[in-house]
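# Fold and contact review
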2 protein chains.
Amino acid sequence: MGSMKLVVTLIGAGLLLSGCQGSPDSRTVSPLHPDPLPSWNAGPAKRAITDFVERVTKEGGPDFVPPADRIATFDNDGTLWVEQPVYTEAIFTRDRVEELAAQHPDWKKQQPYAAVLNHDMKALATTGQKGMAQLLMVTHTGMTVEDFDNTVSAWIVHAQHPRFKRPFTQCIYQPMVEVLAYLRQNGFKTYIVSGGEQEFMRPWTEKAYGIPKEQVIGTQIKTELKNGAILRLPQLDSIDDGPGKPVNIARFIGKRPIVAFGNSDGDQQMLEYTTGGPGARLAVLVHHTDAQREYSYDRESKIGTLNKALDEAQEKHWTVIDMKSDWKEIFPPAGVQ
Amino acid sequence: MGSMKLVVTLIGAGLLLSGCQGSPDSRTVSPLHPDPLPSWNAGPAKRAITDFVERVTKEGGPDFVPPADRIATFDNDGTLWVEQPVYTEAIFTRDRVEELAAQHPDWKKQQPYAAVLNHDMKALATTGQKGMAQLLMVTHTGMTVEDFDNTVSAWIVHAQHPRFKRPFTQCIYQPMVEVLAYLRQNGFKTYIVSGGEQEFMRPWTEKAYGIPKEQVIGTQIKTELKNGAILRLPQLDSIDDGPGKPVNIARFIGKRPIVAFGNSDGDQQMLEYTTGGPGARLAVLVHHTDAQREYSYDRESKIGTLNKALDEAQEKHWTVIDMKSDWKEIFPPAGVQ
């Protein structure tokens, strides 16, 4: 799994940070200003990020942005963590159906549940969007927000990615974790703005990314106050994808971001909205180009389709991360959460 | 306007803060720990607030709450600023109707507009909730969020309270401004959770209260992404009052507050929700008891009705601020914004 390489890199990074690297002449980074993005190779993507941050934080400079307006928004699936071969939330949904099936013997013969229980993807596909919505509602609603938080929290610590055989919260992108921390160190407020269901993310984003619950925006379902608690109702409210992302950014944050990272056509409007304001703006796409270490997909992929947004990125000179060449490491070292 | 008294008090506070007060024996407050709530008289309300903050911030103490969970929510109308004789937003709505009337000559004969233009409260009342909703929509929607922000920002600097003859942002309660700052100094995140329309508040809350836009939750109208901007549509979305307050707190913040301040029955569920969690909790009602310096009203008032929540406060020993005896000053010194 490349863990030896990770260890070697970490030791190297540790030496660099502690100022113990070879002769002074070999230094590329001052020990007083260690590289904030050690998992990034030098290149246009890394330079675009650090140049932007230096410009907007330079007091008195032409591009200075006051801290209150330093808002950065990040898609989650495929931008901050792996979304292949299927969204993590789909695996959670499957696991929940299997767990709940014990209380629902009729599900063995009833679609869309039978398709999930029999791992019959073809039958599942024929149930269409209605089937998917039914699965989402039965696994995600009918309990309080606090109970759902507990359910997700219990699941996320033991569930594993089918290929990488590690918890999903260790299938986050180490270079992006560094970008989040780097931005926060420079006075930015970092937000997640994801198509994933909001309360599926909130239980673990603080620990994984350092992003607190109140800075996590996602697809929302309706809720009501009942017996002093917030009950989750089986009805979609706001779909936080495509044009829904700017709508929710305006509603939750009330400020136009100056930085946005995405990886798919579902992020296109968020990047357009971010770059649509005056002053310096940074729009970045994560391009999945590394089949060996992660996955390689874009225009033709059903999950994380990157087609129109890739064209627009080329036209408008948005920054496109080439995962294969720009990232030294993909995931955090094993065992680190 | 009592401005001399304000000046005297300010000079006194300034002397106290700079450590220049008389003999050491007369000190009631250490110069190293100046009173964080100088506009409050000593009494049970002030003590309840400072005792609570000391308990939850004492590391290793039985009531310690980590900073990430120090969430405090505040109603706005009647809790942070004056809501009598009518809500400030109603005055904005009236002024907007008068301004827009130039482009709508038909309004002179058409309700509910004619009632507003003729200052005919009786006729306005007969148009009922439908008339009110119509006025809200025509004055608050049909433009982008940024245009509405500019409209409110331009209005709020020159509009004046009919009785106090000062800008509405100087009709905020100085003792509450001190509570907000005191909580933030102690690691709290302070939020507004108000029945007022969200985007009517966001343009001025940072300057008036130190609360940034992203920590302002209010009644929301529907919006859509159009030509790269967020367009405000003439349709209510979420009513942030009564049970809607806990629902929106869960949606926006995702954490149960440990502190909540309100002043009316519309805040009752927010205070119940806040006190419904485990550990130390602080629920406070502002009771308007000072007809001379502000207003005196509670159970029978049409605006800011405080009836059921007052009963519950007495039963559950919530803190009730007696404005007349607890507050040395009501408003900030004239000229300060």
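Everything below is about the structure shown above.
So, here is what we can say about the structure in this document. Source: prediction; values computed, not measured.

The rules we used
Residues numbered from 1 in each chain as written. Chains lettered and ligands numbered in written order. Predicted model: local features only at pLDDT ≥ 70, side-chain atom pairs only at ≥ 80, totals over all residues. Heavy atoms only, no water. Least-squares fit on C-alpha atoms with pLDDT ≥ 70 in both. Contact = heavy atoms within 4.5 Å. Buried area = accessible area lost by both parts, 1.4 Å probe. Salt bridge = Lys/Arg side-chain N within 4 Å of Asp/Glu carboxyl O. Polar contact = N/O pair within 3.5 Å; in protein donor to acceptor, adjacent residues only side chain to side chain. Helix = DSSP H or I, 4+ residues; strand = E, 2+ residues; numbered from the N terminus. Nonpolar A, V, L, I, M, F, W, Y, C, P; charged D, E, K, R; others polar. Buried < 20%, exposed > 50% of the residue type's maximum accessible area, 1.4 Å probe, protein only. Axes fitted to C-alpha atoms, helices over the stretch in contact; angles between N-to-C directions. Parallel < 35°, antiparallel > 145°, perpendicular 65-115°, else oblique. Left-handed = near helix turned anticlockwise from the far one by under 90°.

### Notes on the relation of the copies chain A and chain B
Screw-axis analysis of chain A against chain B gives a translation of 0.0 Å along the axis, an RMSD of 0.0 Å, and a rotation angle of 180°. Those values place the two copies in the arrangement expected of a two-fold rotation axis. Across chain A, the rotation axis passes nearest the C-alpha of A:Phe252, at a separation of 3.4 Å. Interface overlap between copies is the fraction of interface residues in one copy that are interface residues in the other; for chain A against chain B it reaches 100%, indicating a shared surface.

### Here we look at the interface of chain A and chain B
The interface is formed by 30 residues belonging to chain A together with 30 residues belonging to chain B. Surface buried jointly by chain A and chain B totals about 2600 Å² across both partners, of which 47% is contributed by carbon and sulfur atoms. Three residues stand out in chain A for area buried against chain B, namely A:Glu214, A:Leu225 and A:Arg251, and they jointly supply 26% of the buried area on that side. Inspection of the region where chain A meets chain B yields 8 salt bridges. Counting every contact that joins chain A to chain B gives 22 residue pairs in polar contact (both at pLDDT 80 or more). Secondary-structure elements contributing two or more residues to the side of chain A that touches chain B are β2 (189-197), α9 (198-201), β3 (216-226), β4 (229-238), α11 (244-252) and α12 (268-275) of chain A. Classifying every residue of the side of chain A that touches chain B by side-chain character gives 12 nonpolar, 7 polar and 11 charged.

### Thoughts on the pattern of salt bridges
One pass over the full model with this rule turns up 34 salt bridges over all chains. For B:Arg55, the salt bridge goes to B:Asp63, with nearest N and O atoms at 2.9 Å. Taking the relative accessible area as the measure of exposure, B:Arg55 reaches 39% and is therefore partly exposed. Each member of the salt-bridge network shares a partner with another, and the members are A:Asp75, A:Lys245 and A:Asp267.

### Overview of the packing of helix α3 (residues 88-100) of chain A against helix α6 (residues 128-140) of chain A
All names here are of chain A. In contact at an axis separation of 9 Å, α3 and α6 are set at 65° when each is read in the N-to-C sense. Here α3 is positioned roughly perpendicular relative to α6, judged by the angle of their axes. The crossing of α3 and α6 is left-handed. Together, Glu89, Phe92, Thr93, Arg96, Val97 and Leu100 of α3 and Leu135, Leu136, Val138, Thr139 and His140 of α6 make up the contact between the two elements. The residue inventory of the contact of α3 with α6, partitioned by class, reads 6 nonpolar, 3 polar and 2 charged.

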